[in-house]
Amino acid sequence: MTAKTAISTPDAPAPAHTFHQGVRKGPFVQVSGQGPVDPATGEYVFQGDVAAQTTRTLENVRAIVEAGGATFDDVVMLRVYLTKREDFPIMNEAYGEFVTKHCPGGVLPSRTTVFTGLPREEMLVEIDALAITD
């Protein structure tokens, strides 16, 4: 049996609650839901700008994936949570630019998008990820 290990990196925001930034077990790297937080300051950034929040959130996800020993190209699934349906096309464009740039293998991750309330009012987007390494 492979041990389950916590992932922690200063390149992504520290978790605000009782969970880790991510967990690795064997080839699996699971990233906890991330939001538009600057890891250096711990502040929520780009209030009202879902495109910029999406990019910042994906940067946080990527940092945790990499801290777990994987690459963004190893991500097989992303779940995107949005607060407003009308933000979907704007998020989708920023998301598409990011994943295309960071998946040089050309196979983009699977994705689910859900419309829901989020823990903080200033959050327009939250994203979690699953990566599998060789």
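Quick note: structure is the one above.
Residues numbered from 1 in each chain as written. Predicted model: local features only at pLDDT ≥ 70, side-chain atom pairs only at ≥ 80, totals over all residues. Heavy atoms only, no water.

What about the sheet that holds strand S5 (residues 110-115)?
Phase 1 of the analysis: With mixed pairing, six strands are arranged side by side in an open sheet as S1-S2-S3-S6-S4-S5. The sheet terminates laterally at strand S1 (4-7) and S5, the two strands that pair on one side only. The average undirected angle you get between the axes of adjacent strands in this sheet is 15 degrees.
Phase 2 of the analysis: Relative to strand S2 (residues 22-25), S1 runs antiparallel, the two sharing four bridges. Bridge assignment links Lys4 to a residue of S2, and that residue is Lys25. (Pairing = 2+ DSSP bridges. Helix = DSSP H or I, 4+ residues; strand = E, 2+ residues; numbered from the N terminus. Axes fitted to C-alpha atoms, helices over the stretch in contact; angles between N-to-C directions.)

Some remarks on the pairing of S2
Phase 1 of the analysis: Bridge analysis of S2 against strand S3 (residues 28-34) gives four bridges, and the strand direction is antiparallel. Bridging across to S3, Gly22 finds its partner in Val31.
Phase 2 of the analysis: Taking the residues that link successive antiparallel strands as the turn, the S2-S3 hairpin has two residues, and the phi of Gly26 there is positive, at about 60 degrees.

Quick notes on the nonpolar core
Phase 1 of the analysis: Counting 26 residues, the largest nonpolar core has Val61, Phe72 and Leu78 as the members making the most contacts within it.
Phase 2 of the analysis: Counting only elements with at least two residues in this core, the list comes to S3, helix H1 (50-67), strand S4 (75-82), helix H2 (88-102) and strand S6 (125-132).
Phase 3 of the analysis: Ranked by residue count, the leading element in this core is H1, at six residues.
Phase 4 of the analysis: Setting aside chain neighbours within four positions, we find Phe72 in contact with Leu58, Val61, Arg62, Val65, Leu78, Phe98, Val99, His102 and Cys103. (Core = buried A, V, L, I, M, F, W, Y, C linked by side-chain atoms within 4.5 Å. Buried < 20%, exposed > 50% of the residue type's maximum accessible area, 1.4 Å probe, protein only. Contact = heavy atoms within 4.5 Å.)

Section: the environment of Phe19
Phase 1 of the analysis: You can see Phe19 is positioned in the loop between S1 and S2.
Phase 2 of the analysis: Taking relative accessible area as the criterion, Phe19 reaches 37% and is therefore assigned partly exposed.
Phase 3 of the analysis: For the pair formed by Phe19 and Tyr44, sequence separation is 25 residues and the distance between their alpha carbons is 19 Å.

A few points about the packing of H1 against H2
Phase 1 of the analysis: The geometry of H1 relative to H2 is characterised by a closest axis approach of 8 Å and an angle of 35 degrees between their N-to-C directions. As for how H1 packs across H2, the hand of that crossing is right-handed. Here Val50, Ala51, Thr54, Thr55, Leu58, Glu59 and Arg62 of H1 come into contact with H2, specifically with Ile90, Met91, Ala94, Tyr95, Phe98 and His102.
Phase 2 of the analysis: Classifying every residue of the contact of H1 with H2 by side-chain character gives eight nonpolar, three polar and two charged. (Left-handed = near helix turned anticlockwise from the far one by under 90°. Nonpolar A, V, L, I, M, F, W, Y, C, P; charged D, E, K, R; others polar.)

Here we look at a nonpolar patch on the surface
Phase 1 of the analysis: Taken together, the side chains of Phe28, Val76 and Ile132 make up a nonpolar region of the molecular surface, amounting to roughly 230 Å² of accessible area.
Phase 2 of the analysis: Within the fold, Ile132 resides in strand S6.
Phase 3 of the analysis: Overall, Ile132 belongs to the partly exposed group, its relative accessible area being 33%. (Patch = residues over 30% accessible without salt bridge, like charges linked within 9 Å, V, L, I, M, F, W, Y side chains within 5 Å. Areas by Shrake-Rupley, 256 points an atom, 1.4 Å probe, with all protein chains shown as cover. Salt bridge = Lys/Arg side-chain N within 4 Å of Asp/Glu carboxyl O.)

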